[in-house]
Amino acid sequence: MTAKIVPLVMAGGSGTRLWPLSRETMPKQFIPLLEGRLSTFQTTLQRLADPAFDRPIVITSHDFRFIAAEQMRDIGVEGEIVLEPERRDSAAAIAVGTVMAEARDPAAVCIALASDHVIGDASAFRSDCRIAAGLAATGLIMTLGITPTHPATAYGYLAPGAALDAPHAHRLARFVEKPGRELAERYIAEGFLWNSGNFLFAARSMRAELARHAPQVLAAAEAAVAGARRDLDFLRLDPASFAAAPRISIDYAVMERTDSAGMLAASFDWSDVGTWDSIHEITPKDGDGNVLEGPAIALDTHRSLVRSEDMLTAVVGLDDVVVIATRDAVLVSAMSAAGQVKALVERMKAEGRPEASEHLRIYRPWGWYQRIDIGNRFQVKRIHVKEQAQLSLQKHFHRAEHWVVVSGTAEVTVDGTTSHVHENESVYLPIGCTHRLKNPGRIPLELIEVQVGSYTGEDDIVRIEDIYARG
């Protein structure tokens, strides 16, 4: 195997099973879930920083484009960022990546992988990928299988068939999606492996299987790529074409139907960190089997996960529980019920609770803002502007704003007049004025914004000029 493997990195999911830390405005793949400062998206890309791999094609959504780009820059990774107009599940995303990879090289071999998994041994992962890629070059669609540790019902299972010409590699005799516990126990006894969601294939082979088993998905992907347009450093897929793709996973669309699949037993530890109990399972524990992160304390508590963002969280006399405290929401769950968090989030959405989807801290290409307080005719925010960054030139019809600089220096333009506002100084922005905020310095700018008016929603922003090409 001499040609480089083209990574197709799926980074568009919402990760609601790890609520309240992971929400639609900042999903789990972009959050440092484990010890260290890197997100799983970043560690995934770092595993691919090897001569065996080509520049990655990252497939994500419009809402996450600047987060993905910034996190890639932070670790020095370059790649193509492709924006899905809407979520259509993994088959459409992989089809898009396949079309793009084949256009790059007709003989391309790809790896499609999720950006939110944890892999213990990057070297073993790369070695397995080289072996699987060699088999994929012969026309097989290879998947990396994981030796089960328990009868999980959240994973697909792989039945090994005839041996292939590589150690621990077999034809895939059967692909089964998420069985019940009784079936899962039987599958483990029969030597089935878990499906890790890492697929390696020649682009031409995947295109042929999509044409055979999911022609609508392939047609939509081809049209979406053909109609794509450049937007800054991103490639935007054609919305109408992409919307025509059926919402289906690659597992159901291809892997359960193809007769050209193989499997390789992986030599690395793996977790999809899909639920809080899986986070507990792979994280180092204290003598009582607890994982305590942030300002957290436990007494007479065992085999539990307690994580807090900033407020002291104390647990007494409980075993096998999950307690996750953020600035605006707290989750308390039995460890055994951690898989039900997704259903809980759906219920909160149905009840119209913004906490189900939105964080208090909202990230923007220039930095972030965080709501401190809100009430009748007012809202207070903390605003953080990165070095040399600026907000759009804008105005509001229903509110005035007061800015107080806490640290750094703000360059403020109001109706064409520019001034510099320093620490412990403030500026008033009347209703309807045209204004812009910029950080001209080499340290972050922090300020407190007080909005006063009849309406303080985010949709009361008229952008006149914006370097980030937002509407």
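The rules behind these values
- Residues numbered from 1 in each chain as written.
- Predicted model: local features only at pLDDT ≥ 70, side-chain atom pairs only at ≥ 80, totals over all residues.
- Heavy atoms only, no water.
- Buried < 20%, exposed > 50% of the residue type's maximum accessible area, 1.4 Å probe, protein only.
- Helix = DSSP H or I, 4+ residues; strand = E, 2+ residues; numbered from the N terminus.
- Pairing = 2+ DSSP bridges.
- Core = buried A, V, L, I, M, F, W, Y, C linked by side-chain atoms within 4.5 Å.
- Contact = heavy atoms within 4.5 Å.
- Axes fitted to C-alpha atoms, helices over the stretch in contact; angles between N-to-C directions.
- 1 Å grid on protein atoms, 1.4 Å probe; cavity = no way out; pocket = protein on both sides within 12 Å on 5 of 7 lines; lining within 4 Å.
- Points joined across faces, edges and corners; volume = space filled by probe spheres on them.
- Patch = residues over 30% accessible without salt bridge, like charges linked within 9 Å, V, L, I, M, F, W, Y side chains within 5 Å.
- Areas by Shrake-Rupley, 256 points an atom, 1.4 Å probe, with all protein chains shown as cover.
- Salt bridge = Lys/Arg side-chain N within 4 Å of Asp/Glu carboxyl O.
- Phe/Tyr/Trp six-rings, centres within 6.5 Å; stacked < 30°, edge-to-face > 60°.
- Lys NZ or Arg CZ within 6 Å of the ring centre and 35° of its normal.
- Parallel < 35°, antiparallel > 145°, perpendicular 65-115°, else oblique.
- Left-handed = near helix turned anticlockwise from the far one by under 90°.
- Nonpolar A, V, L, I, M, F, W, Y, C, P; charged D, E, K, R; others polar.

J.: What is the right way to read the pairing of strand β1 (residues 5-10) from this model?
T.: Regular strands show a simple pattern: their side chains alternate between the two faces of the sheet. With six of six residues buried, β1 lies mostly within the body of the structure. Across the two faces of β1 the burial is the same, with I5, P7 and V9 and V6, L8 and M10 all buried. Note that β1 and strand β4 (residues 109-114) share six bridges and pair parallel. Within β4, the residue paired with L8 across the bridge is A112.

J.: How do you make sense of the nonpolar core when you look at a structure like this?
T.: Residues F41, F125, M142, L200, F268, W276 and L437 are the most contacted members of the largest nonpolar core, which totals 95 residues. Broken down by element, this core gets its largest block of residues, seven residues, from helix α4 (residues 122-136). L437 has contacts with I383, V385, Q390, L391, W403, A410, E411, V412, L445 and L447, leaving out every residue within four places of it along the chain. Formed by 44 residues, the second largest nonpolar core is a distinct cluster that contains I57, I59, A93 and M263.

J.: For this particular structure, what's the right way to read the sheet that holds strand β18 (residues 321-325)?
T.: Strand-to-strand pairing in sheets goes through backbone hydrogen bonds, with the strands running parallel or antiparallel. Within the open sheet, the four strands sit side by side as β14-β16-β18-β19. Their pairing is mixed. The open sheet has two free edges, formed respectively by β14 (291-293) and β19 (330-334), since each of these has just one partner strand. Direction aside, neighbouring strands of the sheet carry axes that sit 5 degrees apart on average.

J.: Help me out: how do you make sense of the layout of surface pockets in this one?
T.: Leftover empty space is mapped by rolling, across the atoms, a probe with the size of a water molecule. For the largest pocket, the calculated volume is near 1,400 Å³. Lining the largest pocket are 43 residues, with G13, R17, D89, S90 and D116 sitting closest to its centre.

J.: I'm lost on the side chain of Q29 in this one. Help?
T.: Tracing the backbone shows Q29 in the loop between β1 and α1 (40-47). Discounting residues that sit within four places of it in the chain, Q29 has contacts with A11, G12, G13, S39, T40, F41, F64, S115 and D116.

J.: Help me out: how do you make sense of a nonpolar patch on the surface in this one?
T.: A cluster of nonpolar side chains, M311, V330 and V332, forms an exposed patch at the surface whose accessible area comes to about 260 Å². If you trace the backbone, V332 turns up in strand β19.

J.: How should I be thinking about the pattern of salt bridges in this particular structure?
T.: If the charged atoms of two oppositely charged side chains come close together, the side chains can form a pair. Counting across every chain of the model gives 27 salt bridges. Notably, a salt bridge pairs E309 with R327, separated by 3.1 Å at the nearest N-O pair. One end of the pair, E309, is in the loop between β16 (305-308) and β17 (313-316); the other, R327, is in the loop between β18 and β19, and 18 residues separate them in sequence. Judged by its relative accessible area of 33%, E309 falls in the partly exposed class. In this structure, E465 engages R436 in a salt bridge whose closest nitrogen and oxygen atoms are separated by 2.7 Å.

J.: I'm lost on the pairing of strand β24 (residues 399-407) in this one. Help?
T.: Pairing geometry for β24 and strand β29 (residues 445-453), over eight bridges, is antiparallel. Paired with E401 across the two strands is Q451, which belongs to β29. In this structure, β24 lies alongside strand β27 (residues 426-429), joined through four bridges in antiparallel fashion. Pairing of E401 across the sheet is with L429, part of β27.

J.: I'm lost on the packing of aromatic side chains in this one. Help?
T.: Given two aromatic rings, one states the distance between the centres and the angle between the planes to describe the pair. Across all of its chains, the model carries ten aromatic pairs by this definition. Geometrically, the ring pair formed by Y155 and W270 is edge-to-face, given 5.2 Å between the ring centres and 65 degrees between the ring planes. On the criterion of sequence distance, the pair formed by Y155 in the loop between β6 (141-146) and β7 (157-163) and W270 in strand β13 (residues 270-271) is long-range, its members being 115 residues apart. Across the pair, W270 and Y155 agree in class, each one buried. R47 extends its terminal NZ or CZ atom over the ring of F125, reaching a point 5.6 Å from the ring centre. Above the face of the Y369 ring, K381 is positioned so that its terminal group lies 4.1 Å from the ring centre.

J.: Just checking my understanding: could you explain the environment of A219 for this structure?
T.: Assignment of secondary structure puts A219 in helix α7 (residues 215-226). Through-space distance from the C-alpha of A219 to that of M100 is 13 Å; in sequence the pair is 119 residues apart.

J.: Help me out: how do you make sense of the packing of helix α3 (residues 89-104) against helix α6 (residues 203-213) in this one?
T.: Describing two packed helices takes the angle between their axes plus the distance from one axis to the other. In the contact formed by α3 and α6, the axes pass within 9 Å of each other and the chain directions differ by 135 degrees. Here α3 lies oblique to α6, going by the angle between them. Both α3 and α6 take part in a crossing whose hand is left-handed. Of α6, the residues touching α3 (which contributes I94, A95, T98, V99 and E102) are A203, R204, M206, R207 and L210. Broken down by class, the residue content of the contact of α3 with α6 amounts to six nonpolar, one polar and three charged.

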